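Residues per chain, in single letters:
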Amino acid sequence: MLSVLTDPNDFFERRMEREERLGIPAFIVLLGGALGGVSTFLIMSVLVESLSEIQAMSEVAYGAFVSVMTYGSLFSAVIISLIMWLVVAAVFYGISAIFGGKGSFKRMLEFVGYGCIPMIFGGIVAIAVTLQLVQTLTPPQIPAGASPEELSQIIQEWSIDVARQPLSQLSSALSIIFTIWCANIWIFAVKHARGITTKNALLTVGIPVGAYIAYALWQLLGVLVSASAL
Amino acid sequence: MRFGFFIFCFVILIFCFVILSSAEGFSASEEEAHLLSVVSCEMHPAVFMPRDVGTITVTLAAAGEAAGEGGVEIESVYLLGRDVKVLSGPYLNIGRIAPGECMNITFTVRAPFNDGIYYPKLLIETGSGDVLRYSFPFRVDGAAVRMAVADIPEDIIINERTSLKIAVGNERPNSVRGVMIKAEITKGSGEVVPSEMFIGTLAPDDRKTLSLNFTPLTEGAHTLLLTLSFKNGMNTHTSTLSVHLNVSSQNKRPDIIISGIEYESDHNTLRITGDISNAGLSAARGVVVRVGDGEGFEAVYPYPSYFVGSLNPDDFSSFELNVRVFKNKTTIPIEIEFKDEDGNTFRRTEYVRINGSETQKPSAETSPILSVVLLIAVFVVVISIIYSWRKR
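Attention here is on the structure that accompanies the text. In this text, all values refer to a predicted model and were calculated from it rather than measured experimentally.

### What about the overall build of chain B?
- A count of helices and strands for chain B gives 2 helices and 27 strands.
- Put simply, chain B has 392 residues, and 38% of those count as buried.
- Within chain B, counting contacts between residues at least 6 apart in sequence, those at least 24 apart form 64% of the total.
- Split by element, the accessible area of chain B, about 21,700 Å² in all, is 53% carbon and sulfur.

Here you go:
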């Protein structure tokens, strides 16, 4: 299966001969999402430390809040990855239709899922980077009597501060790089799943992924500029 | 001849009669005078200064049952001062003093020029023509209330408040009242606070020390003129004291500087550390380092300010401050507050650059590691992509 990383063209060509199955692709997507969620979980763990002093929150409520914030972040990351899987497959399906693409959405979904394997590696690297990041982070200073609005503002500011950290920027950069890797695989996935030329598959994948990478780079550059101002 | 001798004998007889009559009257007056006594003789002020004007109050009393039921009739009372000038006239037809009762008679007098003890004489004539003579001591003492410099700092610095201590002592044998001191600069320029000091009454040999603050505005020789006024009875006396003060620009006060500033950035909170030293020639007290006022940042716990305490000359200490910085802030003002030995408070503001070459960012130390990780990731992905396309 790892041949999808080195020779995706051959991998998908052979997969076309098999029946459409979503089990393994779904597992890949879920695993990638879960690994990404672990990074979020680690950062949220730092955040919830500072919330224990809030007067308005009882011990039981705090425990529930911690559970929601940490495990919720993990769960939501998995759900979001599944949604994104569907969205990406749908976008590719739609654009490839313009180029006369034929083939089922299920096949598209299956191949896009295989194309998410780099996200697993990316997730593992992101966890390693995040583990180093959380050691340098200190919880935000939240006044005991902070109102929900103030709490929201403090967490928002703290999140921006976290994003300014070099390790966070590295994580974002790695995310872009691994997305490019995925995109490379998705080109061959679309080519075979939709039966279009390599050029059309390049356009099908390149347009939405290029737009996403441009957006991610713009955000990363914005964070870099604001961090250098500090 | 016989007629002449007769005339001569007649004259002698008349003379003897007159003499005997006078002798009989005199002895009678001495007896009357014994019924009258001078109980007290009070002077106000108790001790006069030369040329002082004051009062002498004489208290007369009739001597009990011996004076009979009618008491003693006082015809007149004179005060003969000689050197002590009596300003008020004699008392005439005063009246009768009942047995066992007293009568006060007051004279206004002016003391002579010279110090000494004088003996004015009191003549009291009774209704029966008896005369009582009474002399009493009248003391004149020219000793005054004096001022002296109790303490003046060795160095007086321009524009710096200096505390001066003035001692006031009463050398007189009697109390004086209304003691007041006025201070003014007669040479040079400066401020004296307070410019007037009221002491009040000073008992004999009493001493009080006053403090006044002198802030010179110019350099060089200054003269502080102290004018002391007091009242001895109703007489106001003044004396002056010129205090010469040399004002220099030499600064011996504490000179606090900060150095070795470093900071660590923890997301948007800075931990600023550094050394604070006293480069002056005197000790600094109550040294506090705090984040100054401004926008775009705020001091946060645990160290919004840092109390250093006392810093002796050539001494130093470390400090730490925590600042929450918002975006686009490149300098942080650090305010240093300290007091000198006299309690004068000084403040100084230093600016710390947080985006310049003098500052350090420990997080930057991780940059090589980040670069390596990034390069490896890029390398792996690029190789993988290239390989996948070549396989095609």
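### Focus: the pattern of salt bridges
Residue and element names in this part refer to chain B.
- Applying the stated rule across the entire model yields 13 salt bridges over all chains.
- Between arginine 96 and glutamate 73 there is a salt bridge, with the nearest N and O atoms lying 3.4 Å from each other. Here arginine 96 is found in strand E5 (residues 91-97), whereas its partner glutamate 73 is found in strand E3 (residues 72-80), with 23 residues between them in sequence.
- One salt-bridge network, held together by shared partners, links Arg290, Glu335, Glu337 and Arg347.

### Structural notes on the state of the cysteines
Residues and elements named next belong to chain A.
- As enumerated under the stated definition, the model contains 0 disulfides over all chains in all.
- Take cysteine 116: it sits in no disulfide, and the sulfur closest to it among the cysteines is that of cysteine 182, at 5.5 Å.
- For cysteine 116, a relative accessible area of 11% translates into the label buried.

### Things to note about the side chain of B:Glu337
Residues and elements named next belong to chain B.
- Tracing the backbone through its elements, the reader meets glutamate 337 in strand E26 (residues 331-339).
- A polar side-chain atom of glutamate 337 sits 3.1 Å from a polar atom in the side chain of arginine 290.
- Polar side-chain contacts of glutamate 337 include one of 3.0 Å to the side chain of arginine 347.
- Filtering out sequence-adjacent residues up to four positions away, glutamate 337 remains in contact with Gly286, Val287, Val288, Arg290, Thr345, Phe346 and Arg347.

### Focus: the pairing of strand E2 (residues 53-62) of chain B
All names here are of chain B.
- Burial analysis of E2 places 8 of its 10 residues in the buried class, the great majority of the element.
- Pairing geometry for strand E1 (residues 36-44) and E2, over 8 bridges, is antiparallel. The residue of E2 that forms the bridge with valine 38 is leucine 60.
- Note that E2 and strand E6 (residues 102-110) share 9 bridges and pair antiparallel. Residue valine 58 lies in a different strand from E6, and its bridge partner there is isoleucine 105.

### What to know about the sheet that holds strand E22 (residues 284-291) of chain B
Residue and element names in this part refer to chain B.
- Taken together, 4 strands build an open sheet; the order of strands is E24-E22-E26-E27 and the sheet is antiparallel. Whereas interior strands pair on both sides, the edge strands pair on one side only; in this sheet they are strand E24 (305-311) and strand E27 (345-353). Between one strand axis and the next, the sheet turns through 20° on average, direction left out of account.
- Pairing of E22 with E24 involves 5 bridges; the strand directions are antiparallel.

What counts as what
Residues numbered from 1 in each chain as written. Chains lettered and ligands numbered in written order. Predicted model: local features only at pLDDT ≥ 70, side-chain atom pairs only at ≥ 80, totals over all residues. Heavy atoms only, no water. Helix = DSSP H or I, 4+ residues; strand = E, 2+ residues; numbered from the N terminus. Buried < 20%, exposed > 50% of the residue type's maximum accessible area, 1.4 Å probe, protein only. Contact = heavy atoms within 4.5 Å. Areas by Shrake-Rupley, 256 points an atom, 1.4 Å probe, with all protein chains shown as cover. Salt bridge = Lys/Arg side-chain N within 4 Å of Asp/Glu carboxyl O. Disulfide = S-S within 2.5 Å. Polar contact = N/O pair within 3.5 Å; in protein donor to acceptor, adjacent residues only side chain to side chain. Pairing = 2+ DSSP bridges. Axes fitted to C-alpha atoms, helices over the stretch in contact; angles between N-to-C directions.

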